[in-house]
Amino acid sequence: VRSLAEVKTVRVLVEDLNSATQKTGLQKEQIRAVAEKYLLEHGMKVVRGGGGVPIVYVRLSSVIGGEQEHAPISFYLTVQVKQFARLARPRDATPGEPNPDDPPLLVTTWEDGTMVMLDRSELGFYVSQILSNLLGTLLQDSQEANGKGDNVASTQNAE
């Protein structure tokens, strides 16, 4: 969770959904709205656009077993935090700062996901619920990384 230290502002990016998933009525804009609302309501600042801030990247991979209302669906929902980083020089290299001419790399620094099988008619509901659960884990890890983990445990025990 150390990679989440000092992460207070993020941008949410949702990967394009495949056409079969879009035919169920679920759109990536809905997923982004759920993620942004959840993060904002739980104390994370969310910006649109703005380069340089960490990205909360949401990916929904799904396989749909037909177009009828109760067709089976299997999906894997992943939430990642991507941040810019520079590679450190090896210990045996010439001491000094990283070369400022080397562009930073976009790397995944945190990830969690869940796989689910369900009825086609339940897709939207469960995507929202599972996304909220994954984002809750992200925020819990972020609080721990920022020295606020004890407060979260105390609050949960009080409930």
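As a reminder, the structure under discussion sits directly above these lines.
Residues numbered from 1 in each chain as written. Predicted model: local features only at pLDDT ≥ 70, side-chain atom pairs only at ≥ 80, totals over all residues. Heavy atoms only, no water.

S.K.: Quick one: what's the story with the overall build of the protein chain, residue by residue and with numbers?
M.R.: Per the secondary structure count, the protein chain includes 4 helices and 5 strands. Counting from the amino terminus, helix and strand elements in the protein chain follow one another as β-α-α-β-β-β-β-α-α. Across the 159 residues that make up the protein chain, the buried fraction comes to 33%. Looking at the protein chain alone, contacts between residues at least 24 apart form 70% of all its contacts between residues at least 6 apart. Here the protein chain has roughly 9,800 Å² of accessible surface; of this, 49% comes from carbon and sulfur atoms. (Helix = DSSP H or I, 4+ residues; strand = E, 2+ residues; numbered from the N terminus. Buried < 20%, exposed > 50% of the residue type's maximum accessible area, 1.4 Å probe, protein only. Contact = heavy atoms within 4.5 Å. Areas by Shrake-Rupley, 256 points an atom, 1.4 Å probe, with all protein chains shown as cover.)

S.K.: Would you mind going over the packing of aromatic side chains in detail, with residue names and values included?
M.R.: Counted under the stated rule, the structure contains 1 aromatic pair. Taken together, a centroid distance of 5.0 Å and an interplanar angle of 85° make the contact between F125 and Y126 edge-to-face. Taking NZ or CZ as reference, K82 lies 5.4 Å from the ring centre of Y57, over its face. (Phe/Tyr/Trp six-rings, centres within 6.5 Å; stacked < 30°, edge-to-face > 60°. Lys NZ or Arg CZ within 6 Å of the ring centre and 35° of its normal.)

S.K.: Can you break down helix 2 (residues 28-41) residue by residue, with the values?
M.R.: Spacing of three or four residues puts side chains on the same side of an α-helix, whose turn is 3.6 residues. The end-to-end C-alpha distance of helix 2 is 20 Å, a good match for the 20 Å that 14 residues give at a rise of 1.5 Å each. Looking only at helix 2, the buried set comprises I31, A35, E36, Y38 and L39. The buried residues of helix 2 occupy an angular sector of 165° when the element is viewed end-on, so they sit on one face. Opposite the buried face of helix 2, by more than 90 degrees, sit the exposed residues K37 and E41. Those residues of helix 2 that are buried lie in contact with strand 1 (9-14), strand 2 (45-46), strand 3 (55-64) and helix 3 (123-145). Looking one or two residues beyond helix 2, the residue adopting positive phi is G43, at roughly 95°. (Expected span 1.5 Å × (residues − 1). Arc of directions from axis to C-beta.)

S.K.: Give me the nonpolar core: which residues, what numbers.
M.R.: I31, L39, F75 and L135 are the most contacted members of the largest nonpolar core, which has 33 residues in total. Every element with two or more residues in this core is listed here: strand 1, helix 2, strand 3, strand 4 (72-85), strand 5 (105-119) and helix 3. Tallying contributions element by element places helix 3 first for this core, with 8 residues. Those residues within four positions of F75 in sequence are excluded, and the remaining contacts are L60, S61, S62, T114, M115, V116, L118, L123, Y126, V127 and I130. (Core = buried A, V, L, I, M, F, W, Y, C linked by side-chain atoms within 4.5 Å.)

S.K.: Mind laying out the packing of helix 2 against helix 3, listing which residues take part and the relevant values?
M.R.: Direction vectors running N to C along helix 2 and helix 3 enclose 40°, while the axes themselves pass 10 Å from each other. Once helix 2 is placed against helix 3, the crossing between them reads as right-handed. For the pair helix 2 and helix 3, contact is made by I31, V34, A35, Y38 and L39 and by V127, S128, L131, S132, L135, G136 and L139, respectively. Considering only residue class, the contact of helix 2 with helix 3 consists of 9 nonpolar, 3 polar and no charged. (Axes fitted to C-alpha atoms, helices over the stretch in contact; angles between N-to-C directions. Left-handed = near helix turned anticlockwise from the far one by under 90°. Nonpolar A, V, L, I, M, F, W, Y, C, P; charged D, E, K, R; others polar.)

S.K.: Give a detailed account of unusual backbone geometry, specifying residues and quantitative values.
M.R.: Of note in the backbone geometry, E6 takes a positive phi value of approximately 70° without being a glycine. Here E6 lies in the segment before strand 1. Residue classification places E6 among the exposed residues on the basis of a relative accessible area of 63%.

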